[in-house]
Amino acid sequence: MARPHPDKMTFLEHLEELRQRLVRSCVYLALGFAACWGFREQIFHFMVQPMRRAGFTDKFIFTGPAEALMLYMKMAFFVGIFVAAPLILWEIWGFVSPGLYKNEKAWAVPFIGMGTLCFVGGALFGHYFMFPFTFQFLYTFGGSDMQFMPRIGEYWSFYSWFLLGLGLVFQIPVIIFVLARIGLVSAGFLLRIWKWAVLAAFVISAVITPTPDVVNQTALAAPMIGLYLIGVLVAWLFGKKRRSED
């Protein structure tokens with residue numbers, strides 16, 4: 001059955017469409033998990049690289065019989081999120097695009113492409129920079145009388161939360177792009193609230209980073225502020241007020 005025009009869809013029909021898109025997104029996640037399960041060993045070695053770069057050369061430990069199996073399943077699902085991200089973003093775009101102008105719908109490919117690149121870029125930033133920097137900073141407090149023996153499950157929980165948070169944080173320019181295109185924000189408005197944006201950056205960095213020290217929080221807040229400024233430029237270039245074709 002053909003999809004009715006968005007202006008003629010009832011509230012329940014919108015909810016039904018949202019349900020269908022959520023179901024498809026879950027299917028994409030399941031397929032991503034299945035694809036990544038075959039590469040679980042490679043994913044594991046990639047995951048522990050930040051600790052190796054921080055100077056940790058010992059083996060990780062696990063204390064439960066099923067902990068290693070559950071770890072591999074969590075890793076495959078987590079990486080599956082990144083694999084399925086383009087398709088999930090496509091579903092999000094498909095749900096919101098009927099409320100846009102025809103010329104705005106042409107931004108579907110840039111939205112999905114930039115959203116995926118920013119999400120992966122945030123995770124890579126955490127993997128190659130923030131994670132080794134954080135652990136190298138914390139590792140120095142052990143001293144000669146203590147031995148660091150990290151449990152693999154705890155390491156993975158923190159690692160996955162850290163990278164997922166950074167991936168979402170790096171969506172700031174993409175979110176500002178969407179809001180600017182539909183006219184909810186402008187470059188001038190974003191510049192007027194820059195003080196609140198800086199405060200929000202430090203609050204979010206305090207939630208994501210594992211320690212309350214200013215060094216790690218600033219190392220994360222600085223790129224967030226930079227992303228916000230990039231978003232201001234994006235709003236100025238692509239904001240609704242600059243659409244001469246309307």
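### Digging into the nonpolar core
Stage number 1. Phe44, Met47, Met75, Tyr155 and Phe162 are the most contacted members of the largest nonpolar core, which has 43 residues in total.
Stage number 2. When residues of this core are traced back to their parent elements, those giving at least two are helix H2 (40-47), helix H4 (67-96), helix H6 (108-139), helix H7 (152-169), helix H10 (194-208) and helix H11 (214-238).
Stage number 3. Ranked by residues supplied to this core, first place goes to H7 with 9 residues.
Stage number 4. When residues no more than four places from it in sequence are discounted, the contact partners of tyrosine 155 are Met47, Val48, Pro50, Met51, Phe60, Phe131 and Phe135.

### Comments concerning the pattern of salt bridges
Stage number 1. Considering all chains together, one arrives at 6 salt bridges under this definition.
Stage number 2. Notably, a salt bridge pairs glutamate 91 with arginine 21, separated by 2.8 Å at the nearest N-O pair. Remark: arginine 21 occurs in helix H1 (residues 11-37) and glutamate 91 occurs in helix H4; sequence separation between them is 70 residues.
Stage number 3. On the accessibility criterion, glutamate 91 (5% relative accessible area) is buried.
Stage number 4. Its salt-bridge partner being arginine 24, residue glutamate 91 comes within 3.1 Å of it at the nearest N-O pair. Taken together, the residues span a long stretch of sequence, with glutamate 91 in helix H4 and arginine 24 in helix H1 at a distance of 67 residues.
Stage number 5. Through salt bridges with shared partners, one network takes in Glu17, Arg21, Arg24 and Glu91.

### Re a nonpolar patch on the surface
Stage number 1. On the surface, a nonpolar cluster with roughly 750 Å² of combined accessible area is contributed by Phe11, Leu12, Leu15, Leu18, Leu22, Ile92, Phe95 and Val96.
Stage number 2. Where the nonpolar patch is concerned, the elements lending two or more residues are H1 and H4.
Stage number 3. With 5 residues, H1 is the single largest residue contributor to the nonpolar patch.
Stage number 4. Relative to the helices and strands, valine 96 is located in helix H4.
Stage number 5. Owing to a relative accessible area of 41%, valine 96 belongs among the partly exposed residues under this scheme.

### Overview of the packing of aromatic side chains
Stage number 1. With the rule as written, the count across this model stands at 14 aromatic pairs.
Stage number 2. With a centroid separation of 5.3 Å and an interplanar angle of 35 degrees, the aromatic rings of phenylalanine 125 and phenylalanine 129 are classed as tilted. You can see phenylalanine 125 and its partner phenylalanine 129 sitting in helix H6, 4 residues apart, about one turn around the helix.
Stage number 3. Look at phenylalanine 129 and you get partly exposed, because its relative accessible area is 40%.
Stage number 4. Chaining the aromatic ring pairs together yields one cluster made of Phe60, Phe78, Phe82, Phe119, Phe131, Tyr155, Trp156, Phe158 and Tyr159.
Stage number 5. A cation sits over an aromatic face here: arginine 40 above tryptophan 37, 4.5 Å from the ring centre.

Rules used throughout
Residues numbered from 1 in each chain as written. Predicted model: local features only at pLDDT ≥ 70, side-chain atom pairs only at ≥ 80, totals over all residues. Heavy atoms only, no water. Core = buried A, V, L, I, M, F, W, Y, C linked by side-chain atoms within 4.5 Å. Buried < 20%, exposed > 50% of the residue type's maximum accessible area, 1.4 Å probe, protein only. Helix = DSSP H or I, 4+ residues; strand = E, 2+ residues; numbered from the N terminus. Contact = heavy atoms within 4.5 Å. Salt bridge = Lys/Arg side-chain N within 4 Å of Asp/Glu carboxyl O. Patch = residues over 30% accessible without salt bridge, like charges linked within 9 Å, V, L, I, M, F, W, Y side chains within 5 Å. Areas by Shrake-Rupley, 256 points an atom, 1.4 Å probe, with all protein chains shown as cover. Phe/Tyr/Trp six-rings, centres within 6.5 Å; stacked < 30°, edge-to-face > 60°. Lys NZ or Arg CZ within 6 Å of the ring centre and 35° of its normal.

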